[in-house]
Amino acid sequence: MSTADFASFSDNAIMFASIVYVLALIAHVVEWSLSLTVREPAAVRAATSDSSVDVAPPPREETAALRIDTAGRIGVALTAVAALLHLAGVVSRAFATEPARVPWGNMYEFTVTGALGVTLVYLALLRRMWLRWMGLFVTAFEVVVLMAANLLLEQQAGQLVPALHSYWLVIHVGTAILATGAFAVGALASLVFLLQERATRRGARPGLLAMFPDSDALDRLAYRVNAVGFPLWTFAALIAGPIWAEHAWGSYWNWDPKEVWAFITWVIYAAYLHARATAGWKGKAAAIIALIGFASLLWNFVGINFFFGAGSMHSYAGS
Amino acid sequence: MTIPTLETTAPPEPPRGPSALGPVELGRWAWRRLTSMRTALLLLLLLALASIPGSVVPQQNIAAVRVSQWKEDHPTLAPVYDALGLFSVYDSVWFSAIYLLLMVSLVGCIVPRLGVYWRFLRAAPPPAPRNLQRLPAYRTVTTPDAADLVLARARTVLRKSRYRLAADDGSGPAGGSVAAERGYLREAGNLLFHLAVVVVLLAFAFGQLFGFKGGAIVLVGKGFSNSLTQYDDFAPGSMFDPETLRPLSLEVEDFEVEFIASGPQRGQPIDFSADVTYRETPSSAPRKHRLEVNEPLVLDGVSVFLIGHGYAPVVTVRDGNGGLAYQGPVVFLPQDASFASFGVLKVPDAQPEQLGFEGMFFPTYAFTMDRGPFSVFPDVRNPAISLLAWRGDLGMDSGDSQSVFELDTDRMEKVTGADGKDFRLDMQPGDRVELPDGLGTVRFDGWQRWVRIQVSDTPGKGVALAGVVLGLVGLMGSLFIRRRRTWVRVTRRGDETFVEVAGLDRTTAGEGLDEEVRRVLALVGGVPDGPTVGRAPAHGVDPDTVPDSHPRADEER
């Protein structure tokens, strides 16, 4: 296959992946809407049936639960298929230039590869951490991100600028992508945690929130993925980055906007870890800090490239 | 700063306020507040906040040119920003204040914590609680083996699982118990991480104070020697001593650059490299090195980087008297990716009037009515220069330093042609143009390339690297090592032995506690004879108490 073949195969694979993500999203929407229609009457019945001796659930509810589960399973299966296509697209993108290179040489490629990182983290932790509830959000995220990448960032596969001719590109950017995936999962958990806290404070209402794990579990999940993301980020931004900078620019820390924001992100996540162990900051405040951390991560990725452009030494990642 | 253990709540709050306290109490109160976790948290968030302006406002020691540009564009704001230190955020008073407070807070926490940890290391694991079944994980078994045999087995099993055991607590044939704890390194990792942060900050500060960074443009074929006068720009640390500059000298023998010639990325460089010959000291033997981006020349105490390149048109200027007033290359600075380059030529020796030229060099010249002249490709395919000429006083005699890339036209006037318009010199290599009014002639002889090298040294970078690596190791330890206590109690009942194993996680994100208790029990006494009696697994989404292998665990919802 020629490089052009690889390039168009990559584009096709990403397109098909987007389509399958949409199908997976539909499956998860069905899962959620089914559970909404089932849980409301169940809750009402529970509230009114104190005197009732009958405790066996009616068969209708059992089949409904089965249907919810089936819809969810279909969603996960479709997500896995989409992830394979997505992976094929990313890998073939690497071969779309001569010589082959890592598929994160510009912003389009970083976005697509980073999005793959999120799906892979989600799928890898799916069973371990009971992430089925995330399916709706992850697939929606993938659909939006891949679409945005295609419409706004699409760039033909090309050779790397000389500054990127280094194996540190693999190490530095690769770990940053992994850390971003972990932080994204953590941010989602924190977000849902906050929504749930709010709903509980206002008097819990069965409904959408019943689809989520309880807030304790969400808080722990957020902590665990962030605790994985934090050392990865430390390595990517504060070890691999400076080593490469020392190698390429002659000093390991240049207060470049991207470095500054990577540092800010690091400090905020450090604050999150501290907040989680401080009375009065636990729970809600910590979750908010984690969300601010993720916001600064996104800003560093998108904002710096768009608004600082030439002012940043990282500008070759530009749009 | 109170170092988070991430598994215990913070110690009770220090007293609320300094109500009628003496200076000692006040000091103690202030110290406690400073080293409290809350303060540390706020300082961390403040540090993040304080870093932001430096990414928005151009910084003096990073982009001096952009700073002066910015100051010109915002004449009213500039003095305010200057007073606030916004052009050098990272060595401003307020930024330094935040991280110094953070450092003090950090040290104020590490030191006492070291003592606590030392005592903790020497303390034995606490003895078994009376009611083991109240613990989060609890399992039992009955075995015919003798009590002391079972106890001995328990000790071996726990030791093999890297537990630390309490000393024998009076167990006998009637039974007894073993207390064990592991995960002591968690706190060590925690302390190591925070110590490493201090080390990195110190090493970074040292490098900033004693290091330097300078840039120089060197024509291909010419040399550079490492002394202050040779630099075009030089940014020393505040404690840097120019005497310590290494006596390095180098010559740029050759330079190669390759651009993508077609396709959407046309004009983007593929690679560029410079072959240099260098001597570490004037007496040492010359060595060769190929400088490339990402392939610096790293020597003891100094590193040389290739960071850019450009063109220097070669011109010959003869003045009105026919004398040779200038001959040689003139460095032009690239303005965009097509390498259309701007430059200035000052000819102070020209008679009867001094001459000055400013204009553009186009490596591949093209012209349209819309854009005027421009370059369509960064490599040299159709070189041309386009200059405007000035006559008068260059202002170089006043002794004020001048930029070589700027023409001081205060006492000069533009050379105009017979039609009264600006006289423009558009030339291709070999062209010669006669200036009006008998001012002289200019010949465009050809072009050369130059490279921009950066020479720098950051002392203490090895220490900083060691610091971050140790910090990462410590961090992983403090995040992923689990502190766990396990107790085994053995009671003789008739001719059977009743074995209880209980576990307690001391970290919030503990996992697999029940599995471990089950495993220990199986190794100590055999297969458990009942389900867990302790805290039942919560709703199926609690990853900490439900083991991974729980059948269909992920489908319970």
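Small disclaimer: the values here were computed from a predicted structure and weren't measured.

Novice: When you look at the overall build of chain A in this model, what are you seeing that I'm missing?
Specialist: The secondary structure content of chain A amounts to eight helices and zero strands. Ordered by position from the N terminus, the helices and strands of chain A form the series α-α-α-α-α-α-α-α. Looking at chain A residue by residue over its 319 residues, the buried ones come to 51%. Restricting to contacts in chain A with at least 6 residues of sequence separation, those with at least 24 account for 80%.

Novice: Hey, could you run me through the confidence of the model for chain B in this one?
Specialist: For any part of a model where pLDDT is low, the fine detail of the predicted coordinates should not be relied upon. Residue and element names in this part refer to chain B. For chain B, per-residue confidence averages 84 on the pLDDT scale, and residues scoring 70 or more make up 89% of the total. With pLDDT under 50 throughout, residues 5-15 is counted as low confidence; its partners more than four residues away or in other chains account for 23 contacts. The model gives residues 530-557 a pLDDT under 50, and that stretch makes 51 contacts with residues more than four places away or in other chains. As scored by the predictor, the complex reaches a pTM of 0.81 and an ipTM of 0.81.

Novice: Help me understand the interface of chain A and chain B, please; the structure alone is not making it clear to me.
Specialist: Size of an interface, as often reported, equals the accessible area lost when the parts are brought together. At the junction of the two partners, chain A supplies 53 residues and chain B supplies 56 residues. Counting residues per element, the ones that place at least two in the side of chain A that touches chain B are helix H6 (215-248) and helix H7 (257-275) of chain A. Ranked by the residues each element gives to the side of chain A that touches chain B, the list is headed by H6 of chain A, at 13 residues. Residue composition of the side of chain A that touches chain B, by class: 32 nonpolar, twelve polar and nine charged.

Novice: Explanation requested: helix H9 (residues 513-524) of chain B in the structure shown.
Specialist: The periodicity of an α-helix, 3.6 residues per turn, causes residues three or four places apart in sequence to face the same way. Helix length check: H9 of chain B, at twelve residues, gives a terminal C-alpha distance of 16 Å against a target of 16 Å (1.5 Å per residue), a fit within 8%. Those residues of H9 of chain B that are buried lie in contact with strand E1 (137-143), helix H6 (147-160), strand E23 (484-493) and strand E24 (496-505) of chain B.

Novice: How should I be thinking about the environment of Arg 483 of chain B in this particular structure?
Specialist: Residues and elements named next belong to chain B. Mapped onto the elements, Arg 483 comes out in the loop between helix H8 (461-480) and E23. Given 18 C-beta atoms within a 10 Å radius, Arg 483 is considered partly exposed. With 297 residues separating them in the primary sequence, Arg 483 and Arg 186 have C-alpha atoms 7.1 Å apart.

Novice: Would you explain H8 of chain B in this entry?
Specialist: If you check H8 of chain B, its first and last C-alpha atoms are 28 Å apart, about what 20 residues at 1.5 Å a residue would give, namely 28 Å. If you check which residues of H8 of chain B are buried, you get Lys 461, Ala 464, Gly 467, Val 468, Gly 471, Gly 474, Leu 475, Ser 478 and Leu 479 of chain B. Axial view of H8 of chain B: buried residues confined to an arc of 140°, hence all on one face. Residues of H8 of chain B that are buried in the fold lie against H6 of chain A together with helix H7 (185-210) of chain B.

Novice: For this particular structure, what's the right way to read the domain arrangement of chain B?
Specialist: Residue and element names in this part refer to chain B. In terms of domain boundaries, chain B breaks down into domain 1 (23-122), domain 2 (132-183 + 482-555), domain 3 (198-309 + 454-470) and domain 4 (310-449). A straight line from the C-alpha centre of domain 3 to that of domain 4 covers 31 Å. Taken together, the contacts link eight residues of domain 3 with eleven residues of domain 4. Mapped onto the side of domain 3 that touches domain 4, the elements with two or more residues apiece are strand E4 (212-219), strand E7 (249-259) and strand E11 (302-319). Residues belonging to the side of domain 3 that touches domain 4 are distributed by class as follows: five nonpolar, three polar and no charged.

Novice: Can you help me understand the sheet that holds strand E3 (residues 175-182) of chain B in this one?
Specialist: The strands making up a sheet associate through hydrogen bonds between their backbones, and the pairing can be parallel or antiparallel. Residue and element names in this part refer to chain B. Across the sheet, which stays open at both edges, the five strands sit in the order E1-E24-E23-E3-E2 with antiparallel pairing between neighbours. Where the open sheet ends on each side, the last strands, each with one partner, are E1 and strand E2 (164-165). Where E3 meets E23, eight bridges bridge the pair, whose relative direction is antiparallel. Of the residues in E23, the one forming a bridge with Ala 180 is Thr 486. In the packing of H6 onto the sheet, the strands contacted are E1, E2, E3, E23 and E24, and the crossing angle to E3 comes to about 5°. Taken strand by strand, H9 contacts E1, E23 and E24, and its axis lies near 155° from that of E24.

Novice: Please explain the packing of helix H5 (residues 168-201) of chain A against H6 of chain A as it appears in this structure.
Specialist: When two helices pack together, their arrangement is given by the angle between the helix axes and by the axis-to-axis distance. Residues and elements named next belong to chain A. At their nearest, the axes of H5 and H6 sit 7 Å apart, and the two run at 155° to each other. Here H5 is positioned roughly antiparallel relative to H6, judged by the angle of their axes. As H5 packs across H6, the resulting crossing turns out to be left-handed. Among the residues forming the contact of H5 with H6, the class breakdown is 24 nonpolar, ten polar and two charged.

Novice: Sorry if this is basic, but what is going on with the environment of Phe 110 of chain A here?
Specialist: Residue and element names in this part refer to chain A. Its location among the elements puts Phe 110 in helix H3 (residues 107-125). On the basis of neighbour count, Phe 110 is assigned to the buried category, with 21 C-beta atoms found within 10 Å. Once the C-alpha coordinates of Phe 110 and Val 173 are considered, the two residues, 63 residues apart in sequence, prove to be 8.6 Å apart.

Novice: In this structure, what is going on with the environment of Ala 502 of chain B? I would like to understand it.
Specialist: All names here are of chain B. The residue Ala 502 is located in strand E24 in this model. A sequence separation of 373 residues divides Ala 502 from Pro 129, and the C-alpha atoms of the two residues are 9.8 Å apart. Ignoring sequence-local partners within four residues, the contact set of Ala 502 consists of Leu 132, Leu 135, Ala 137, Tyr 138, Trp 487 and Val 517.

Novice: What exactly am I supposed to notice about the pairing of E24 of chain B here?
Specialist: Where a strand is regular, its side chains alternate between the two sheet faces. All names here are of chain B. Of all the ten residues making up E24, eight are buried; the element is thus mostly covered by neighbouring parts of the structure. Sheet topology places E1 next to E24; seven bridges connect them, and they run antiparallel. Across the sheet, residue Thr 143 finds its bridge partner in E24, namely Thr 497. Counting the residues in the hairpin turn of E23 and E24 gives two residues, including Gly 494, whose phi is positive at 65°.

Novice: What am I meant to see in the sheet that holds strand E5 (residues 223-225) of chain B here?
Specialist: Residues and elements named next belong to chain B. One open sheet accounts for four strands, arranged E5-E7-E8-E9; its pairing is antiparallel. The open sheet is flanked by E5 and strand E9 (287-292), the only strands paired with a single partner. Taken pair by pair, the neighbouring strands of this sheet meet at an average axis angle of 30°, ignoring direction. Judged from the six bridges that link them, strand E8 (residues 269-279) and E9 form a sheet pairing that is antiparallel. Following the sheet pairing, Asp 275 is matched in E9 by Arg 290.

Rules used in this analysis
- Residues numbered from 1 in each chain as written.
- Chains lettered and ligands numbered in written order.
- Predicted model: local features only at pLDDT ≥ 70, side-chain atom pairs only at ≥ 80, totals over all residues.
- Helix = DSSP H or I, 4+ residues; strand = E, 2+ residues; numbered from the N terminus.
- Buried ≥ 20, exposed ≤ 12 C-beta atoms within 10 Å, placed from the backbone.
- Contact = placed C-beta atoms within 7 Å.
- pLDDT = per-residue confidence, 0-100.
- Nonpolar A, V, L, I, M, F, W, Y, C, P; charged D, E, K, R; others polar.
- Expected span 1.5 Å × (residues − 1).
- Arc of directions from axis to C-beta.
- Domains from an automatic or database assignment.
- Pairing = 2+ DSSP bridges.
- Axes fitted to C-alpha atoms, helices over the stretch in contact; angles between N-to-C directions.
- Parallel < 35°, antiparallel > 145°, perpendicular 65-115°, else oblique.
- Left-handed = near helix turned anticlockwise from the far one by under 90°.

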